[in-house]
Amino acid sequence: MTSFIKETESIKEAVTFINAIDVNKFSRLISRITQKLHLKGERTFSEEEEEKLQSALSLDKQALNLVLETAAFILEQAVYYNVKPTSLQQQLEAVHLNPEKAEVFSLTWAAAGPELVEKLKHNTFAPKKLEYVGWQLNLQMAQSSQARLKSPSAVLQLGLHDDNSEVQENVFLGFNHQELLHFYNQLETVQSQLDTLT
Amino acid sequence: MSLSHAKDSSFLGGRIPPEIDSMSKNLKDVDQEMFRKILKAVVSGLEGKDCSEVMKSIAESSTVPQERLSHVVAGVYRLLSEAIRVPASSLKQEAFREDLRELRIPEEFITDFSSVVFGNRRAALDAATARNDPHLPTVEDFKWRVDVAISTSSLARSLQPSVLMQMKLSDGSLHRFEVPVSKFQELRYNVALILKEMNDLEKRNILKIQD
């Protein structure tokens, strides 16, 4: 496949810095970045950690930023195209990353890649997502307009999670036997549609 | 006013509500035509319709003083409300008529009352009164979609299915949310489980408690 890493000025500069880093330290760095890649909007390293990294890797703030962003970019592209580890290694050597560093990338990718792809497949953005299903079955004995009922009634609790707020919104639904059966039949129709996809 | 000590207590319970008591006393001034008008208006009121116009015309066209008329209306309303509260299966027509005879209600009026309580409009009446009872929102409209994400900003080839649901509830609220496939399975499983429990419950002895 065509390379997804173009040798831009920025890449060249990053490669120079990366090649100078000790390989063991680099290996740990890449592992950490890979673990946090699927979390949108979260910093991989805290301010404090970044300062420590600067001295550990002998890089100034700007250089460190470039290295971290480039490494993340490489991994994101790897995920996006779902490249094979060997292809990744070749592409990195093609932009003059030294072989031992390229190998670090491809080994980490081989190990963590498939799981990362799975996680990202489930990273959808919808206004709300169903996260919790709870229920209660009651036997209603009476109400204002009716005495001596004895009718089963179910309460279904749907916990909806909104990505933007951390709060879970609870929706409570009431069903009698007939209504619940009707709902179940509708769910069965959805299931049969899902079945046609596999 | 002494009551049924000879048979099981009346559908009204141990004590006669005062409105019904005073209605019986005032019924002798009301002719059947007037009574039927009142009955019809009260049924319409129980169904939730506005009957102020009808009531006004009844009051104007009657020779009975308004205060006595209002006792009758209140009594008819109370009697009917209590009668329809009891499930249709537990209140037998003969017992009902007997209870009304004990209240010294004229026989023709008893027949009119019976036709409301045991007639074919009873189901509609029950549904109308049940509407005002407190209950959790029910699903009025349920729409869904099965989507497959072909690619996303993170993955050129995602091919991940998901379900989108939209529920319009009886309280007017609208909820639209995504359901990951695994959660959908969980929802479906749980609904099936509740249905099974409901079936078991309906078969058990607790439902055979004698009324």
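Given the structure is predicted, the values throughout are model-derived calculations rather than measurements.

About the cut-offs
- Residues numbered from 1 in each chain as written.
- Chains lettered and ligands numbered in written order.
- Predicted model: local features only at pLDDT ≥ 70, side-chain atom pairs only at ≥ 80, totals over all residues.
- Heavy atoms only, no water.
- Helix = DSSP H or I, 4+ residues; strand = E, 2+ residues; numbered from the N terminus.
- Rg over C-alpha atoms; globule rule 2.2 N^0.38 Å.
- Buried < 20%, exposed > 50% of the residue type's maximum accessible area, 1.4 Å probe, protein only.
- Contact = heavy atoms within 4.5 Å.
- Areas by Shrake-Rupley, 256 points an atom, 1.4 Å probe, with all protein chains shown as cover.
- Lys, Arg positive; Asp, Glu negative; His and termini not counted.
- Charge placed at Lys NZ, Arg CZ, Asp CG, Glu CD.
- Salt bridge = Lys/Arg side-chain N within 4 Å of Asp/Glu carboxyl O.
- Buried area = accessible area lost by both parts, 1.4 Å probe.
- Nonpolar A, V, L, I, M, F, W, Y, C, P; charged D, E, K, R; others polar.

### A look at the overall build of chain A
- In terms of regular secondary structure, chain A is built from seven helices and three strands.
- For chain A, the N- to C-terminal ordering of α and β elements is α-α-α-α-α-α-β-β-β-α.
- What you see for chain A is a C-alpha radius of gyration of 26 Å, clearly larger than the 16 Å of a compact globule of 198 residues, by over 25%.
- Considered along the principal axes of its C-alpha atoms, chain A spans approximately 85 × 40 × 25 Å.
- For chain A, with 198 residues in total, the buried portion stands at 43%.
- The contacts of chain A with a sequence gap of at least 6 include a subset with a gap of at least 24, amounting to 56%.
- Of the accessible surface of chain A, which amounts to about 10,900 Å², a share of 51% is contributed by carbon and sulfur atoms.
- Looking at charge distribution, chain A has the averaged site of its 18 positive side-chain charges lying 4 Å from that of its 26 negative ones.

### Here's the deal with the pattern of salt bridges
Residues and elements named next belong to chain B.
- Taken as a whole and judged by the stated rule, the model has 25 salt bridges over all chains.
- With a shortest N-O distance of 3.9 Å, Asp-21 and Lys-25 are connected by a salt bridge. Within this pair, Asp-21 and its partner Lys-25 are both found in helix α1 (residues 18–26), separated by four residues, close to a single helical turn.
- The residue Glu-98 makes a salt bridge to Arg-101 at a minimum N-O spacing of 2.9 Å. Here Glu-98 and its partner Arg-101 are both found in helix α5 (residues 93–102), three residues apart, which amounts to about one turn of the helix.
- Given the relative accessible area of 31%, Glu-98 is considered partly exposed.

### Considering the interface of chain A and chain B
- Each side of the interface is counted separately: chain A has 53 residues, and chain B has 59 residues.
- Around 5,400 Å² of area is buried between chain A and chain B when both sides are counted, 70% of it from carbon and sulfur atoms.
- Together, Tyr80(A), Trp135(A) and Arg148(A) form the three largest contributors to the area buried by chain A at its contact with chain B, with a combined 12%.
- Remark: the boundary between chain A and chain B carries one salt bridge.
- Residue Arg188(B) is joined to Glu188(A) by a salt bridge in which the shortest nitrogen-to-oxygen separation is 2.3 Å.
- With 15 residues, the top contributor of residues to the side of chain A that touches chain B is helix α7 (residues 177–197) of chain A.
- Along the lines of polarity and charge, the residues of the side of chain A that touches chain B split into 30 nonpolar, 14 polar and nine charged.

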